[in-house]
Amino acid sequence: MAYGGIQAVKGVDFEVREGELVSLIGSNGAGKTTTMKAITGSLPINDGDIEYLGKSIRGQGPWDLVKQGLAMVPEGRGIFTRMTILENLQMGAYIRNDKPEIQMDIEKVFGIFPRLKERKDQLAGTLSGGEQQMLAMGRALISRPKVLLLDEPSMGLSPIMVDKIFEVVRDVYAQGVTVLLVEQNASRALALANRGYVMDSGLITMTGEGKTMLKDPKVRAAYLGE
Ligand SMILES: Nc1ncnc2c1ncn2[C@@H]1O[C@H](COP(=O)(O)OP(=O)(O)OP(=O)(O)O)[C@@H](O)[C@H]1O
Ligand SMILES: [Mg+2]
């Protein structure tokens, strides 16, 4: 995967199995976001393939994938700032036409994030960073994903909000959604994960069980600031 001829990601070979929570960690500029964009078709890939449920999804765009149960919360959240919270959530249901159930799912999201309910008619652009993250996650959940891709959901948030976001990720996973989590917060991400991958300079350089990696001295030195 390249930007204007400069290759950003070279040999990324990894898998996420059904029902797993997999964390992808790595320093700034390692290529994590590029990889996520390649999976969801918002960036073309030059070489290789991406399979979902046993079939190639290479070349399919984000909306095609949402219809097949693959939803992404992008880095920076990607909410519609000039729409209200409620309208943003309704956008998440764009692929569905079962109105009463959509309403139930919106209520469910409000149950997870009561703050969003209190502010449902407020423009999304006026929300705090943490609230925007809740909204982006809520919007993804409303598409009823089988697989949820999260790109740095805890970035820039206060400690309380970080706790809340990790708690929701854990709950979503516990309810049977497969999760691919990209995080700078390597310790939290690996503690939660079945398996982890480390990415460095556009390559996958290490993999293992989440808890094993958490104890690995190399991982601790490079990504946990020890
Ligand atoms: N639109 C772009 N144009 C040119 N280069 C880009 C572009 N987006 C990313 N890159 C480069 O590609 C490389 C990988 O970037 P990427 O955003 O995938 O990293 P990342 O692992 O997500 O980092 P971070 O943890 O900071 O989010 C970096 O060297 C980056 O500068
Ligand atoms: Mg990134």
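Residues numbered from 1 in each chain as written. Chains lettered and ligands numbered in written order. Predicted model: local features only at pLDDT ≥ 70, side-chain atom pairs only at ≥ 80, totals over all residues. Heavy atoms only, no water.

### Considerations on the coordination of the magnesium ion (ligand 2)
- Around the magnesium ion (ligand 2), the protein contributes the donor atoms Thr33 (OG1) and Glu75 (OE), which lie 1.9 to 2.7 Å from the metal centre. Placement of the pair is threonine 33 in helix H1 (residues 32-39) and glutamate 75 in the loop between strand S6 (70-73) and helix H3 (85-92), with a sequence separation of 42 residues.
- Given the relative accessible area of 35%, glutamate 75 is considered partly exposed. (Donors = N, O, S within 2.8 Å, 3.2 Å for Na, K, Ca; no water. Helix = DSSP H or I, 4+ residues; strand = E, 2+ residues; numbered from the N terminus. Buried < 20%, exposed > 50% of the residue type's maximum accessible area, 1.4 Å probe, protein only.)

### Quick notes on the layout of surface pockets
- The space that makes up the largest pocket amounts to roughly 850 Å³.
- Lining of the largest pocket is provided by 32 residues; of these, Phe14, Glu15, Ile39, Ile50 and Glu51 occupy positions nearest its centre.
- Sorting the residues of the lining of the largest pocket by element identifies H1, strand S4 (51-52), strand S7 (147-151) and strand S8 (178-183) as the ones contributing at least two each.
- Broken down by element, the lining of the largest pocket gets its largest block of residues, three residues, from H1.
- Its residues assigned to classes, the lining of the largest pocket comprises 16 nonpolar, seven polar and nine charged. (1 Å grid on protein atoms, 1.4 Å probe; cavity = no way out; pocket = protein on both sides within 12 Å on 5 of 7 lines; lining within 4 Å. Points joined across faces, edges and corners; volume = space filled by probe spheres on them. Nonpolar A, V, L, I, M, F, W, Y, C, P; charged D, E, K, R; others polar.)

### Structural notes on the packing of aromatic side chains
- Within this structure, the stated rule accounts for two aromatic pairs.
- Considering the side-chain rings of tryptophan 63 and tyrosine 94, the 4.5 Å spacing of their centres and the 50 degrees angle between planes classify their relative orientation as tilted. Of this pair, tryptophan 63 sits in helix H2 (residues 62-67) while tyrosine 94 sits in the loop between H3 and helix H4 (99-112), and the two are 31 residues apart along the sequence.
- The class of tryptophan 63 is partly exposed, set by a relative accessible area of 41%.
- Overall, the relative accessible area of 54% leaves tyrosine 94 in the exposed class. (Phe/Tyr/Trp six-rings, centres within 6.5 Å; stacked < 30°, edge-to-face > 60°.)

### Brief notes about the pattern of salt bridges
- Summed over all chains, the structure comprises 11 salt bridges.
- One salt bridge connects arginine 188 with aspartate 163, and the closest N-O pair in it is separated by 3.0 Å. Remark: aspartate 163 occurs in helix H7 (residues 159-174) and arginine 188 occurs in helix H8 (residues 186-192); sequence separation between them is 25 residues.
- Through salt bridges with shared partners, a single ionic network connects Glu15, Arg17, Glu20 and Arg195. (Salt bridge = Lys/Arg side-chain N within 4 Å of Asp/Glu carboxyl O.)

### Considerations on the packing of H3 against H4
- Remark: H3 packs on H4, axes separated minimally by 10 Å, with the N-to-C direction vectors making an angle of 125 degrees. Judged by the inter-axis angle, H3 sits oblique to H4. As H3 runs across H4, the sense of the crossing is right-handed. Residues Ile85, Leu86, Leu89 and Gln90 of H3 touch H4, and the partners they reach there are Ile106, Val109 and Phe110.
- Its residues assigned to classes, the contact of H3 with H4 shows six nonpolar, one polar and no charged. (Axes fitted to C-alpha atoms, helices over the stretch in contact; angles between N-to-C directions. Parallel < 35°, antiparallel > 145°, perpendicular 65-115°, else oblique. Left-handed = near helix turned anticlockwise from the far one by under 90°. Contact = heavy atoms within 4.5 Å.)

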